[in-house]
Number of protein chains: 2
Amino acid sequence: MTVTLADVEDAAVRLDGVAHRTPVITARSLDAAAGATVFCKAENLQRAGAFKFRGAYNAIAQLHADERDRGIVTFSSGNHAQAVALAGRLLGVSATIFMPDDAPRIKRQATEAYGATVVPFDRYRDDRAALAAAFVTERGATLIPPFDDPRIIAGQGTAALELFADVDDLDVLVVPIGGGGLISGCATVAAARRPAVRVVGAEPAVRGLAARSLRERRRVEGPVPRTVADGLQTTALGEHTFAIIAETVDAVAQVSEEAMVAAMRLLFERAKVVVEPSGACALAAVLDGRIDVAGKRVGVVLSGGNVDANRFAALMTGSETTEGQ
Amino acid sequence: MTVTLADVEDAAVRLDGVAHRTPVITARSLDAAAGATVFCKAENLQRAGAFKFRGAYNAIAQLHADERDRGIVTFSSGNHAQAVALAGRLLGVSATIFMPDDAPRIKRQATEAYGATVVPFDRYRDDRAALAAAFVTERGATLIPPFDDPRIIAGQGTAALELFADVDDLDVLVVPIGGGGLISGCATVAAARRPAVRVVGAEPAVRGLAARSLRERRRVEGPVPRTVADGLQTTALGEHTFAIIAETVDAVAQVSEEAMVAAMRLLFERAKVVVEPSGACALAAVLDGRIDVAGKRVGVVLSGGNVDANRFAALMTGSETTEGQ
């Protein structure tokens, strides 16, 4: 394995006092709806609004002085962009983010507010990987990838380290899967510390490629999926993440678009917290009966909360649907 | 005074292990928007979704055995109804709630889910006080009033007791005013424990009667105000609450409808928490420059979070306005 429990523990030391130790949210109404005892790891309350800060900071903190001087670069329309921008600022490293020019307002504003340079590109015309590669060549900057990197994976695993420290005797751990950075970090911790815990991924059913990859034992690639879960639109697992997932993840639940919106609503109305669609994916899998959890103790990662109020409104009233994207 | 610090401390003992000790939320983006250091007491995360549980439980816990046997009754379309229902269930006291038949879905459902009997009435045709009085006479039930009662006021004051324990050196404390139960409990604590803290109320400007009452040194009555803040539509301060407020509250800020909606949006997008319009009133006063807070340490009570997702959507998109009510 390219990532070990010791790597995650080292990441936890780097993140101590820098990342939030996010709370575990419980609510009787969630338990009643799930028919289980549900423990939500609230990464929507993490710095920059998502678990992504853990991995980005862990990676950037390990750069050498000369690498830091030359700056960092990434491409992302979403939570990874904000995470890299904030971690860069905290570590005094100048960050450049290639971001599609139709990225959500809240995400672009937050990225700029953290002091990063945002370079817009045309999602349909430009090749973002080529743009970033050219920047790396020209400036000597270091690319901070969104998920397929052992330092990123180890950082994300610290969320599970905290959850296991706070909650005893979990039977199941459910984690959203996009590129697989979060679940491979969390499953690494589970395999080492709590091997009896069943680790289940959750992905939009309209994507389905993590489940297929697990079934076919190979990295399946697909088109950009049409899902409300803008954080889970990755077109394939990574090489590192796939290798870890194939060893440590038991199953990947398929989640409907409606179930994600319903889980966002339940968290809003009953727990009074905001999650974005991808952040609700794991809870949606549990509430919609996609995983056998009856009577069990279930950990669920709420992976992010970056949704602006107008988009939330559109999702609640049905005026944004997958078809409309 | 009808309520002393000792009464609030006794209430805290009754509530220990029953009410949530709610967190104090801070966010750099709130501080930047306020030009101050803001500490939000998150009563939106209280049991039943609002501070009201503190007072209701404190009052019902003090009933004698024979009073408990005959049950409790109240009238409320809102958070007090849910609070009485939940406190009644926890204390084994049967609760009857007279509720207008156009009350928000989320509030009626929650009240029934706590096991109370909801009796609908017509807000325009029926006299709710007469309905409740008849019930008291017929059944021997005890009326649990929403704010004008020393046991209720003492219970609400425990929110300030916790905030002062958690945050040192506050300069200002800002609290929403409807009937005045919350602010009179909190101001009682401030006067006894932190006399240097300036206590400021916040009410919808379209109501304005708490400010007028303070200025004219008498209980001013008004019509039901047309405000989005459904928790602050009371038509007058109470007798007990007015007496305390006149002694202990320094000013009452006037808050626009737009400022409350903007504060809800900011909390949603930046702090990832849900507050209802009245719950955002105190923060809105601070953010909209209605109170001199520059460079100060400001406590703000977020009094409740009971807003359903569809109504939130309507508020964010401007399709619910005060005129539309």
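Along each chain, numbering runs from 1 in the same order as the chain's sequence is written. Chains and ligands are labelled sequentially in the order written, the chains with letters from A and the ligands with numbers from 1. Given that the model is predicted, a residue must reach a pLDDT of at least 70 before its local features are reported, and side-chain atom pairs must reach 80 or more before they are shown or counted; all residues, however, enter totals for whole chains, interfaces and linings. Side-chain metrics rest on all non-hydrogen atoms present in the structure, leaving aside hydrogens and water.

Enquirer: Let's hear about the packing of aromatic side chains: which residues, and what values?
Expert: Any Phe, Tyr or Trp ring, taking Trp's six-membered ring, that has another such ring centre within 6.5 Å forms a pair; planes under 30 degrees apart are called stacked, those over 60 apart edge-to-face, and the others tilted. Under the counting rule described, the total for this entry stands at ten aromatic pairs over all chains. Summarising the aromatic geometry, the rings of Phe312 of chain A and Phe312 of chain B are spaced 5.8 Å apart at their centres and angled 80 degrees between planes, so their arrangement reads as edge-to-face. On the criterion of chain membership, the pair formed by Phe312 of chain A in helix H14 (residues 309–317) and Phe312 of chain B in helix H14 (residues 309–317) is interchain, its members lying in two chains. In this structure, Phe312 of chain A and Phe312 of chain B share a single accessibility class: buried. An aromatic cluster is present here, built from Phe268 and Phe312 of chain A together with Phe268 and Phe312 of chain B joined pairwise through their rings. Numbering of helices and strands starts at the N terminus; helices are DSSP runs of H or I of at least 4 residues and strands are runs of E of at least 2. Buried means the residue's accessible area, taken with a 1.4 Å probe over protein chains only, is under 20% of the maximum for its type, while exposed means over 50%, and partly exposed covers the values in between.

Enquirer: Describe the relation of the copies chain B and chain A, with residues and values.
Expert: To line up the copies, we fit them by least squares on C-alpha atoms, keeping just the residues with pLDDT of at least 70 in both. With an RMSD of 0.0 Å, chain B superimposes on chain A once it is rotated by 180 degrees and translated 0.0 Å along the axis. Accordingly, the operation relating the two chain copies is best matched by a two-fold axis. By the convention used here, residues are in contact when the closest approach between their heavy atoms is within 4.5 Å. Interface overlap between copies is the fraction of interface residues in one copy that are interface residues in the other; for chain B against chain A it reaches 96%, indicating a shared surface.

Enquirer: Please set out the packing of helix H3 (residues 52–60) of chain A against helix H8 (residues 150–166) of chain A residue by residue, giving values where relevant.
Expert: Residues and elements named next belong to chain A. Convention adopted: a line fitted to C-alpha atoms gives each axis, helices being fitted over their contacting stretch, and angles between N-to-C directions are expressed from 0 to 180 degrees. With their axes 7 Å apart at the nearest point, H3 and H8 run at an angle of 135 degrees to one another. The angle between H3 and H8 places the two elements in the oblique class. The two elements H3 and H8 cross, and the hand of that crossing is right-handed. Between H3, through Lys52, Arg54, Gly55, Ala56, Asn58 and Ala59, and H8, the contact on the second element is made entirely by Arg151, Ile152, Ala154, Gly155, Gln156, Thr158, Ala159 and Glu162. Any angle that falls under 35 degrees is termed roughly parallel, while one over 145 is termed roughly antiparallel, one within 65 to 115 roughly perpendicular, and all others oblique. Crossing handedness: left-handed means the near helix sits turned counterclockwise from the far one by under a right angle, and right-handed means the same turn made clockwise.

Enquirer: Tell me about the pattern of salt bridges, and name the residues and values.
Expert: Two side chains bearing opposite charge may form a pair once their charged atoms approach each other closely. All names here are of chain B. By salt bridge we mean one thing: a side-chain nitrogen of Lys or Arg within 4 Å of a carboxyl oxygen of Asp or Glu. Counted under the stated rule, the structure contains 36 salt bridges over all chains. Between Arg54 and Glu43 there is a salt bridge, with its nearest N and O atoms 2.7 Å apart. Here Glu43 lies in the loop between strand S2 (37–42) and helix H3 (52–60) and Arg54 lies in helix H3, a separation of eleven residues in the sequence. Measuring nitrogen to oxygen at the nearest pair gives 3.0 Å for the salt bridge that ties Glu162 to Arg54. Of this pair, Glu162 sits in helix H8 (residues 150–166) while Arg54 is found in helix H3, placing the two residues 108 residues apart along the sequence.

Enquirer: I'd like a description of the sheet that holds strand S4 (residues 95–100) of chain B, backed by residues and values.
Expert: Across a sheet, strands are paired by hydrogen bonds formed along the backbone, either parallel or antiparallel in direction. Residues and elements named next belong to chain B. An order of S5-S4-S3-S6 is seen for the four strands of this open sheet, with the pairing classed as parallel. Of all the strands in the sheet, the pair left with one neighbour each is strand S5 (117–121) and strand S6 (142–143). Here, a strand pair is defined by DSSP locating no fewer than two bridges between the strands. Alignment of strand S3 (residues 72–75) against S6, held across two bridges, turns out to be parallel. If you follow Val73 over to S6, its bridge partner there is Leu143.

Enquirer: Give a description of unusual backbone geometry that names residues and reports values.
Expert: All names here are of chain B. One non-glycine residue, Arg217, lies in the positive phi region at around 55 degrees. Along the chain, Arg217 falls in the loop between helix H10 (209–216) and helix H11 (239–248). In this structure, Lys272 is a non-glycine residue whose phi angle is positive, near 60 degrees. As for its position among the elements, Lys272 is in the loop between helix H12 (257–271) and helix H13 (281–287).

Enquirer: Help me get a handle on the sheet that holds S2 of chain B, residues and values and all.
Expert: Residue and element names in this part refer to chain B. Strand order in the open sheet made by the six strands is S1-S2-S10-S7-S8-S9, with mixed pairing throughout. Strands with a single pairing partner mark the edges of an open sheet, and in this sheet they are strand S1 (24–25) and strand S9 (251–255). For S2 and strand S10 (residues 297–302), the ladder comprises six bridges, and the chain directions are parallel. Looking at S10, one finds that Thr37 is bridged to Arg297. Of the strands in this sheet, S1, strand S8 (198–204), S9 and S10 are in contact with H12, which crosses S9 at around 85 degrees.

Enquirer: Give a detailed account of the interface of chain B and chain A, specifying residues and quantitative values.
Expert: Many analyses report the size of an interface as the accessible area lost when the parts associate. Taken together, the contact pairs 25 residues of chain B with 25 residues of chain A. Summed over both partners, the interface of chain B with chain A buries about 2,100 Å², with 57% contributed by carbon and sulfur atoms. Summed over the shared surface of chain B and chain A, the number is zero salt bridges. Looking at the side of chain B that touches chain A, the elements with two or more residues in it are helix H6 (105–113), H12 and H14 of chain B. Tallying contributions element by element places H14 of chain B first for the side of chain B that touches chain A, with six residues. Three classes are used: nonpolar for Ala, Val, Leu, Ile, Met, Phe, Trp, Tyr, Cys and Pro, charged for Asp, Glu, Lys and Arg, and polar for all others, with Gly counted as polar. Across the side of chain B that touches chain A, the residue classes break down as eleven nonpolar, seven polar and seven charged. Accessible-area loss on putting two parts together, using a 1.4 Å probe and summing over both, is the definition of buried area adopted here.

Enquirer: Which residues make up the side chain of Lys107 of chain A, and what values do they have?
Expert: All names here are of chain A. Note on placement: Lys107 falls in helix H6 (residues 105–113). Of the polar contacts made by the side chain of Lys107, one reaches the side chain of Glu276; its length is 3.3 Å. In this structure Lys107 touches Ser77, Gly78, Asn79, Gln82, Met99, Asp230, Glu276 and Asn306, once residues within four positions along its chain are discounted. Whenever two N or O atoms come within 3.5 Å, that pair is a polar contact, provided that in protein one can donate a hydrogen and the other can accept it, and provided that, for residues adjacent in sequence, both atoms are side-chain atoms.

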